[in-house]
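The lines below spell out each chain.
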Amino acid sequence: MKAVITVIGRDTVGVIARVSAVCAELNINIEDVTQSILQEMFCMIMLVDTTGCAADPAAIRARFEELGREMGMQVTLTRQEVFDAMHKV
């Protein structure tokens, strides 16, 4: 399953490393990533493939939500087709 991970919050050292570490922990492949800093706010979107992940989608989302709480940021995982449907005009 393709999915999109979004990260939003105050910029701090190690954000990309921590999100990437959770992807590695869950055997999620990062296919593309874009990030920027807008007036001290960190914004990142990752396109990932969860095909190799043994955890169910709810557990994956919960792990990223937990990471977001640990970092004081919003970290969400959304299936690509849902993300695409939400952002169509």
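Residues numbered from 1 in each chain as written. Predicted model: local features only at pLDDT ≥ 70, side-chain atom pairs only at ≥ 80, totals over all residues. Heavy atoms only, no water.

> Which residues make up the pairing of strand 3 (residues 41–49), and what values go with them?
For strand 1 (residues 2–10) and strand 3, the ladder comprises 9 bridges, and the chain directions are antiparallel. Residue pairing for strand 3: Ala3 is matched across the bridge by Val48. Across 9 bridges, the pairing between strand 2 (residues 29–38) and strand 3 is antiparallel. Paired with Gln35 across the strands is Met44, a residue of strand 3. Counting the residues between successive antiparallel strands, the hairpin from strand 2 to strand 3 contains 2 residues, one of them, Gln39, with a positive phi of roughly 45 degrees. (Pairing = 2+ DSSP bridges. Helix = DSSP H or I, 4+ residues; strand = E, 2+ residues; numbered from the N terminus.)

> Residues and numbers for a nonpolar patch on the surface, please.
Residues Ile8, Leu38 and Met41 make up a contiguous nonpolar surface patch of about 250 Å² in total accessible area. Within the secondary structure, Leu38 is located in strand 2. (Patch = residues over 30% accessible without salt bridge, like charges linked within 9 Å, V, L, I, M, F, W, Y side chains within 5 Å. Areas by Shrake-Rupley, 256 points an atom, 1.4 Å probe, with all protein chains shown as cover. Salt bridge = Lys/Arg side-chain N within 4 Å of Asp/Glu carboxyl O.)

> Run through helix 2 (residues 57–71), naming residues and quoting values.
A rise of 1.5 Å per residue sets the reference length of helix 2, with its 15 residues, at 21 Å; its end C-alpha atoms lie 21 Å apart and thus fit the reference within 8%. Buried within helix 2 are the following residues: Ile60, Arg63, Phe64, Leu67, Gly68 and Met71. Buried residues of helix 2, viewed axially, fall in a sector of 140 degrees; they line one side. You can read the cap of helix 2 off the contacts: a side-chain oxygen lies 3.1 Å from the backbone nitrogen of Ala58, and it is on Asp56. Where helix 2 ends, the next residue or the one after it, Gly72, has phi of about 70 degrees, a positive value. (Expected span 1.5 Å × (residues − 1). Buried < 20%, exposed > 50% of the residue type's maximum accessible area, 1.4 Å probe, protein only. Arc of directions from axis to C-beta. Polar contact = N/O pair within 3.5 Å; in protein donor to acceptor, adjacent residues only side chain to side chain.)

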